[in-house]
Amino acid sequence: MARHDSEWTAEDEAEFLRSHPRPPTSADEELLEADSIAIVSQLDDAARLRRIHDELRMGFDRLSHVGKAVSIFGSARTRPDHPMYAAAEETACALGRRGFAIITGGGPGIMEAGNKGARDAGASSIGLDIELPHEEFENRYVDIGLRFHYFFARKVMFVRYASAFVVFPGGFGTLDELFEAATLRQTNKIRHFPIVLFGSAYWTGLLDWLKGPVVEAGNIVADDAEWLLLTDSVDEVVRIVEAAEHRRPRAAA
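Please read all numbers here as calculations on a predicted model, not as lab measurements.

S.K.: Would you explain the packing of helix H7 (residues 172–186) against helix H8 (residues 200–216) in this entry?
M.R.: Packed helices, taken two at a time, are described by their axes: the angle between them and the distance between them. One way to put it is that H7 packs onto H8 with a least axis distance of 14 Å and a crossing angle of 45°. When the axis of H7 is compared with that of H8, the two are oblique. Between H7 and H8 lies a crossing of right-handed hand. Packed against H7, whose contacting residues are Thr174, Leu175, Leu178 and Phe179, the element H8 presents Trp203, Leu206 and Leu210 at the interface. Taken together, the residues of the contact of H7 with H8 sort by class into six nonpolar, one polar and no charged.

Below you can see the structure in the form of structure tokens.
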């Protein structure tokens, strides 16, 4: 007799995974699930270290010429007819016309809008694509495209080669990038690095939560939340970004 799903226990699940391991769907999964019962490990740690080294070196080599730049984040699900797509495109174009390179995740939605705005302005349009099981995609407005296997290596490049973040509405990936930058600011790993949240209707609830319960619980101080700058104005984004300290490209050897 077939067993009902309600009778399926954690021990049954573990036994099934142990007896049916599968190949990893990405290099990140191969690394993070190494030696687990569910995933077949394909590399040893020495090979993983070589791959990580090569990925970081590729990013450094390809982006060493970038001068002042801004990383733009937001949902891959934002459609071209959405007002936030238009706002991201306008923002990237305005920054590009002032000499900033634009860095995005290279995918659709807000990322595509950022790259489109950069190209319209004649600015460097950079896309840092990531290997995902079902979502490999580079938008057609990327001029300098880099493909990453590892999320952490890609995130280094977003910060290393930018002088500011502009964050449009998005989901877990966008929030991850936002709070990564906020943590780096809080711990003084980066300085003079504005983090701009675009879209007050979307972000006000998050800021209220940070400035209310999170501060009141003593988990951050009030100044930590004040580093997250909220606006609905492209001109204000430009003003904030232009006032920041900017990186200079490394001179050719």
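Now that the structure has been shown, the text picks up again.
S.K.: Help me out: how do you make sense of the nonpolar core in this one?
M.R.: A general trend in soluble globular proteins is that nonpolar side chains are found buried together. One finds Leu128 and Phe165 to be the most contacted residues of the largest nonpolar core, which totals 38 residues. Ranked by the residues each element gives to this core, the list is headed by H8, at five residues. Ignoring any residue separated from it by four or fewer positions in sequence, one finds Leu128 in contact with Leu63, Ile103, Thr104, Gly105, Gly106, Leu146, Phe148, Arg154, Met157 and Phe158. Within the second largest apolar cluster, 24 residues are counted, among which are Ile102, Ala113, Val166 and Val237.

S.K.: What should I look at first to understand the packing of aromatic side chains in this one?
M.R.: In this description, a pair of aromatic rings is defined by centroid distance and the angle of the planes. For the coordinates displayed, the defined rule picks out six aromatic pairs. Centre to centre, the rings of Phe165 and Phe193 are 5.0 Å apart; their planes meet at 85°, and the pair counts as edge-to-face. One end of the pair, Phe165, is in strand S5 (residues 164–167); the other, Phe193, is in the loop between H7 and strand S6 (195–198), and 28 residues separate them in sequence. With relative accessibility at 2%, the residue Phe193 sits in the buried group. Joined through ring pairs, the aromatic side chains of Phe73, Phe158, Phe165 and Phe193 make up one cluster.

S.K.: Whenever I open this one, the pairing of strand S3 (residues 125–130) confuses me. Can you help?
M.R.: Within a regular strand, the side chains alternate between the two sheet faces. Taken across its six residues, S3 has six buried, putting it largely inside the fold. Side chains Ser125, Gly127 and Asp129 of S3 all project onto a buried face; the interleaved residues Ile126, Leu128 and Ile130 project onto the opposite face, where all are buried too. The pairing of strand S2 (residues 101–104) with S3 spans three bridges and is classified as parallel. Pairing of Ile103 across the sheet is with Ile126, part of S3. Taken together, S2, helix H5 (residues 110–121) and S3 form a β-α-β motif whose crossover is right-handed.

S.K.: I'm lost on the sheet that holds S2 in this one. Help?
M.R.: Strands belonging to one sheet form pairs held by backbone hydrogen bonds; the direction of such a pair is parallel or antiparallel. Across the sheet, which stays open at both edges, the seven strands sit in the order S4-S3-S2-S1-S5-S6-S7 with parallel pairing between neighbours. Two strands in the sheet have a free side with no partner beyond their single neighbour: strand S4 (144–148) and strand S7 (228–231). Within this sheet the neighbouring strands show an average axis-to-axis angle of 25°, counted without direction. Sitting on the sheet, H7 touches strand S1 (69–73), S5, S6 and S7, and the angle it makes with S6 is about 150°. Here H8 sits on the sheet in contact with S5, S6 and S7, set at roughly 145° to S7.

S.K.: Please explain the side chain of Arg154 as it appears in this structure.
M.R.: Positionally, Arg154 belongs in helix H6 (residues 151–160). Despite being buried, Arg154 has no salt bridge partner; Glu177 is the closest side chain of opposite charge, sitting 4.1 Å away. Within the local environment of Arg154, its side chain forms a polar contact with the backbone oxygen of Leu128, the two atoms lying 2.6 Å apart. Beyond its immediate chain neighbours, meaning those up to four positions away, Arg154 contacts Gly105, Leu128, Asp129, Ile130, Phe148 and Glu177.

S.K.: Can you walk me through the packing of helix H4 (residues 83–97) against H5 in this structure?
M.R.: Between H4 and H5, whose axes approach to 7 Å, the crossing angle comes to 35°. H5 is crossed by H4, and the crossing has right-handed handedness. Counted together, Met84, Tyr85, Ala88, Glu89, Ala92, Cys93, Gly96 and Arg97 of H4 and Ile110, Glu112, Ala113, Gly114, Lys116, Gly117, Ala118, Asp120 and Ala121 of H5 form the full contact between these two elements. The residue inventory of the contact of H4 with H5, partitioned by class, reads nine nonpolar, three polar and five charged.

Conventions used here
Residues numbered from 1 in each chain as written. Predicted model: local features only at pLDDT ≥ 70, side-chain atom pairs only at ≥ 80, totals over all residues. Heavy atoms only, no water. Axes fitted to C-alpha atoms, helices over the stretch in contact; angles between N-to-C directions. Helix = DSSP H or I, 4+ residues; strand = E, 2+ residues; numbered from the N terminus. Parallel < 35°, antiparallel > 145°, perpendicular 65-115°, else oblique. Left-handed = near helix turned anticlockwise from the far one by under 90°. Contact = heavy atoms within 4.5 Å. Nonpolar A, V, L, I, M, F, W, Y, C, P; charged D, E, K, R; others polar. Core = buried A, V, L, I, M, F, W, Y, C linked by side-chain atoms within 4.5 Å. Buried < 20%, exposed > 50% of the residue type's maximum accessible area, 1.4 Å probe, protein only. Phe/Tyr/Trp six-rings, centres within 6.5 Å; stacked < 30°, edge-to-face > 60°. Pairing = 2+ DSSP bridges. Right-handed = clockwise from strand over helix to strand, strands pointing away. Lys, Arg positive; Asp, Glu negative; His and termini not counted. Salt bridge = Lys/Arg side-chain N within 4 Å of Asp/Glu carboxyl O. Polar contact = N/O pair within 3.5 Å; in protein donor to acceptor, adjacent residues only side chain to side chain.

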